[in-house]
Amino acid sequence: MLRTITAFLALTCASTAQPLYDLLLKSGHVIDPQNNVSRVMDVAIAGGKIARVAENIPASEARKVVNLKDLYVTPGLIDIHVHVYARCGAKNSESVDPDAFSFRSGVTTMVDAGTAGWREFPDFRTRVIDRAHTRVLALLNIVGAGMGSDKEDDPAEMDAEAAAGMAKANADVIVGFKSAHYAGPGWESIDNAVKAGNLTNLPVMVDFGRINQVRNIGALFLDKLRPGDIYTHCYSGHRQELLETGNVNPAMWAGRKRGIIFDVGHGGGSFYWYVAVPAYEERFYPDSISTDLHTGSMNAGMKDMLNVMSKCLNLGSSLEEVIRMSTCNPAKEIKRPQLGNLNVGAEADIAVIRIDSGSFGFVDSAGASNAGNRLMICEMTLRKGAVVWDLNGRASEAWKTFPYQKESWKH
Ligand SMILES: [Zn+2]
């Protein structure tokens, strides 16, 4: 009996000696807009999930502690407009590899905005989505052949039933539909994307293509789209978002009032200071910040998610608003409210951001620059609790005490 009790006690002691948490992010300024948190707190992670967010969590309760004093800790960023479906052989749509561009700028969730159509989605899924460490979701192009094909204006390719069927069969990763680049005279692209959206209860993202007398943003926002549908490239100016008077088109305000969502979608040709500055002066802010990442935008003015976020910060959005536009707002827009927050139990997708002060220049899609005094830099990114980007080795051990597994490669 005594032996049993002793064994029991030993077991209990051993289990209490076990750290509660795998990792403790200490003393960072936590910004979690969904939960209205913006103050210095600790974040504890266990089993790849957020285990606790509180002030002064004892370091002894974690196997590993990373000090993040003077840095910001936010939910992993969500970029809802990227292009990450590089096709084999044929025209590759300027797509990039998701993992090559996500974590280094704090992004843990990317939404491909219509690179793949409903015809080629299975290939996109097996070759890219299922292999990526980044969480990759998709807005399915209403054109079956997808983006960059010569079928982008072909109404026969815009099959709402086929698109809805593909979305239902891949409901874990398809979060809506995309109408893009349409240069025809009518509404086939929009009407079929909305029809697919209605069949699945999913949102539509619109790159409105070319406008004409009838096909204008007033009709789009008030007659065609539904509340919750997303208008990307909101500061492009290509569709009269800004009038010649320098004022925001009243159709934009009317659309916002009706519940249309306005997304940045910076890209290689869709963000200009001459549109964004007056829009900000009129307080027409974006609902979500996204990059429209592709090979044509990342080496030009767009660069990466944090550069686009820095632009909004320097335009006048508060840091909390900029984080909201890059975390819980886009999560809500794609109907994934479990993402973009630091709720206990959520997958531990986290960005650690440094904000440098100084003189910086931010370039738009035409190559024009605008000065700013703050620049957001990604210090660390965690995906499912694992450190997947660490700019300054904050989670690393110094080399002198590092437990190298030394190997000799002699023959
Ligand atoms: Zn795009």
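Conventions we followed
Residues numbered from 1 in each chain as written. Predicted model: local features only at pLDDT ≥ 70, side-chain atom pairs only at ≥ 80, totals over all residues. Heavy atoms only, no water. Helix = DSSP H or I, 4+ residues; strand = E, 2+ residues; numbered from the N terminus. Rg over C-alpha atoms; globule rule 2.2 N^0.38 Å. Buried < 20%, exposed > 50% of the residue type's maximum accessible area, 1.4 Å probe, protein only. Areas by Shrake-Rupley, 256 points an atom, 1.4 Å probe, with all protein chains shown as cover. Lys, Arg positive; Asp, Glu negative; His and termini not counted. Charge placed at Lys NZ, Arg CZ, Asp CG, Glu CD. Donors = N, O, S within 2.8 Å, 3.2 Å for Na, K, Ca; no water. Pairing = 2+ DSSP bridges. Contact = heavy atoms within 4.5 Å. Core = buried A, V, L, I, M, F, W, Y, C linked by side-chain atoms within 4.5 Å. Axes fitted to C-alpha atoms, helices over the stretch in contact; angles between N-to-C directions. Parallel < 35°, antiparallel > 145°, perpendicular 65-115°, else oblique. Left-handed = near helix turned anticlockwise from the far one by under 90°. 1 Å grid on protein atoms, 1.4 Å probe; cavity = no way out; pocket = protein on both sides within 12 Å on 5 of 7 lines; lining within 4 Å. Points joined across faces, edges and corners; volume = space filled by probe spheres on them. Nonpolar A, V, L, I, M, F, W, Y, C, P; charged D, E, K, R; others polar. Disulfide = S-S within 2.5 Å.

1. Section: the overall build of the chain
- A count of helical and extended segments in the chain gives eleven helices and 15 strands.
- Computed over C-alpha atoms, the radius of gyration of the chain comes to 23 Å, within 12% of the 22 Å expected from 2.2 N^0.38 for 411 residues, which places it in the range of a compact globule.
- Overall, the chain is about 90 × 55 × 45 Å in size when its C-alpha atoms are taken along their principal axes.
- For the chain, the proportion of its 411 residues judged to be buried stands at 53%.
- Split by element, the accessible area of the chain, about 18,100 Å² in all, is 53% carbon and sulfur.
- Charge separation in the chain, taken as the distance between the mean sites of 43 positive and 46 negative side-chain charges, equals 6 Å.

2. Side note on the coordination of the zinc ion
- On the protein side, the zinc ion has His81 (NE2), His83 (NE2) and Asp292 (OD) as donor atoms, found 2.1 to 2.4 Å from it.
- One chain supplies every donor to the zinc ion, and in sequence these donors are spaced H-x1-H-x208-D. Here Asp292 lies in the loop between helix H8 (273–281) and helix H9 (305–315) and His81 lies in strand S6 (residues 77–82), a separation of 211 residues in the sequence. For the residue pair His81 and Asp292, the accessibility class agrees, reading buried in each case.

3. What to know about the pairing of strand S5 (residues 72–75)
- When strand S1 (residues 21–32) meets S5, the two strands line up parallel, connected through two bridges. Across the sheet, residue Val30 finds its bridge partner in S5, namely Val73.
- In the sheet, S5 pairs with strand S13 (residues 350–363) via four bridges, with the strands oriented antiparallel. Bridge pairing in S13 links Tyr72 to Ile353.

4. Section: H8
- Here H8 has its buried residues at Trp273, Val275, Ala276, Pro278, Ala279 and Tyr280.
- On the buried face of H8, the contacting elements are H9, S13 and strand S14 (369–383).
- Of the residues trailing H8, Arg283 is marked for its positive phi of about 65 degrees.

5. Brief notes about the nonpolar core
- Judged by nonpolar contacts, the single largest core of 95 residues is most densely connected at Phe124 and Tyr235.
- Ranked by the residues each element gives to this core, the list is headed by H9, at seven residues.
- Apart from residues no more than four positions distant in its own chain, Tyr235 is found in contact with Val264, Ser270, Phe271, Tyr272, Val275, Ala276, Ala279, Tyr280, Phe284, Tyr285 and Pro286.
- Judged by nonpolar contacts, the second largest core, of 20 residues, contains Val43, Val73, Ile350 and Ala395.

6. Things to note about the packing of helix H4 (residues 160–169) against helix H5 (residues 188–200)
- With their axes 8 Å apart at the nearest point, H4 and H5 run at an angle of 40 degrees to one another. Accordingly, the angle class assigned to the pair H4 and H5 is oblique. By crossing handedness, the relation of H4 to H5 is classed as right-handed. The segment H4 lies against H5, with Ala160, Glu161, Ala163, Ala164, Ala167 and Lys168 engaging Asn192, Lys195, Ala196, Leu199 and Thr200.

7. Considering unusual backbone geometry
- At Lys303, a position not held by glycine, the phi torsion is positive, near 70 degrees.
- Relative to the elements of secondary structure, Lys303 occurs in the loop between H8 and H9.
- Owing to a relative accessible area of 37%, Lys303 belongs among the partly exposed residues under this scheme.
- Even without being a glycine, Lys335 presents a positive backbone phi close to 60 degrees.
- Mapping Lys335 onto the fold places it in the loop between helix H11 (328–333) and S13.
- Look at Lys335 and you get partly exposed, because its relative accessible area is 43%.

8. Looking at empty space enclosed by the protein
- Counted under the stated rule, the structure contains one cavity of 30 Å³ or more.
- Here the largest cavity defines a volume of roughly 30 Å³.
- Around the largest cavity, the lining residues are Cys234, Tyr235, Glu241, Leu242, Val248, Met252, Val275 and Ala279.
- Here the lining of the largest cavity is composed, by residue class, of seven nonpolar, no polar and one charged.

9. Quick notes on the state of the cysteines
- Overall, the coordinates contain zero disulfides when judged by the stated rule.
- Here Cys234 is not disulfide-linked; the sulfur of Cys312 is the nearest cysteine sulfur, at 8.4 Å.
- Judged by its relative accessible area of 0%, Cys312 is buried.

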